[in-house]
Amino acid sequence: MVAKPKLCYIHGRGRIESICWLLAAAGVEFEEIFIKTPEDLDKLRNEGSLMFQRMPMVEIDGMKLVQTRAILNYIATKYDLYGKDMKERALIDMYSEGVTDLGEMIMLMPVNPPDQKDVKMTLIRERTTNRYLPAFEKSLGCRSSESHTGAWSRWILQNTVQGL
């Protein structure tokens, strides 16, 4: 029997969610290990489990993986969700980076000065409506017959939803 992947993270929303979603899309059961105290985190750091001293960390196939994108790429490749060739992988990466760009704009909203919030929100709405959503809709076949099909469309979908 193959061991379930173990996901180590603090209890809450964050980078671990996209990893959970991708494992679920692959039909893989996993175990969540929540870091509850600073001592728990120090233990992982001191035993050398966290490259760059950062989380999330996923134990899978005898490895302790860190860095969200590396973890996602490994899981997507392992479970055949990362495209059938380099071209599809490049498309997946472009959509993923687009989701990251959009997510960063939204995440930075709270730190904008109050007098700039309306302007920034208008910019986010404009870019979301005219730049990002049309690309995502096309990838999912919402607007044309040129949609991307197959298992890797789940990878795009989970990244899109996670970013929004």
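Scroll up to find the structure this text is about.
Here is what the cut-offs are and how they apply
- Residues numbered from 1 in each chain as written.
- Predicted model: local features only at pLDDT ≥ 70, side-chain atom pairs only at ≥ 80, totals over all residues.
- Heavy atoms only, no water.
- Core = buried A, V, L, I, M, F, W, Y, C linked by side-chain atoms within 4.5 Å.
- Buried < 20%, exposed > 50% of the residue type's maximum accessible area, 1.4 Å probe, protein only.
- Helix = DSSP H or I, 4+ residues; strand = E, 2+ residues; numbered from the N terminus.
- Contact = heavy atoms within 4.5 Å.
- Axes fitted to C-alpha atoms, helices over the stretch in contact; angles between N-to-C directions.
- Parallel < 35°, antiparallel > 145°, perpendicular 65-115°, else oblique.
- Nonpolar A, V, L, I, M, F, W, Y, C, P; charged D, E, K, R; others polar.
- Arc of directions from axis to C-beta.
- Salt bridge = Lys/Arg side-chain N within 4 Å of Asp/Glu carboxyl O.

### Notes on the nonpolar core
- L7, I19, L50 and M55 are the most contacted members of the largest nonpolar core, which totals 26 residues.
- When contributions to this core are tallied by element, the ones reaching two or more residues are strand 1 (6-10), helix 1 (16-25), helix 2 (38-46), strand 3 (57-60), strand 4 (63-66) and helix 3 (68-78).
- When residues of this core are assigned to their parent elements, the largest contribution, five residues, is made by helix 1.
- Ignoring anything within four residues of it in the chain, the contact list for I19 reads L7, P56, V58, T68, I71, L72 and I75.
- Core analysis: the second largest hydrophobic core is formed by nine residues, L102, M105, I124 and F136 among them.

### Here we look at the packing of helix 1 against helix 3
- The geometry of helix 1 relative to helix 3 is characterised by a closest axis approach of 10 Å and an angle of 0 degrees between their N-to-C directions. What the angle tells us is that helix 1 and helix 3 run roughly parallel. Across the interface between the two elements, S18, I19, L22 and L23 of helix 1 pack against T68, I71, L72, I75 and A76 of helix 3.
- Tallied by class, residues from the contact of helix 1 with helix 3 come to seven nonpolar, two polar and no charged.

### Thoughts on helix 3
- Along helix 3, the positions that sit buried rather than exposed are T68, I71, L72, I75 and A76. An end-on view of helix 3 places all buried positions within 125 degrees of arc, on one side of the element.
- D80 lies just past helix 3 and shows a positive phi near 60 degrees.

### Focus: the pattern of salt bridges
- One pass over the full model with this rule turns up four salt bridges.
- A salt bridge links K4 to E29, with the nearest nitrogen and oxygen atoms 3.3 Å apart. Within this pair, whereas K4 is found in the segment before strand 1, its partner E29 is found in the loop between helix 1 and strand 2 (31-35), the two being separated by 25 residues in sequence.
- On the basis of relative accessibility, which here comes to 40%, the residue K4 falls in the partly exposed class.

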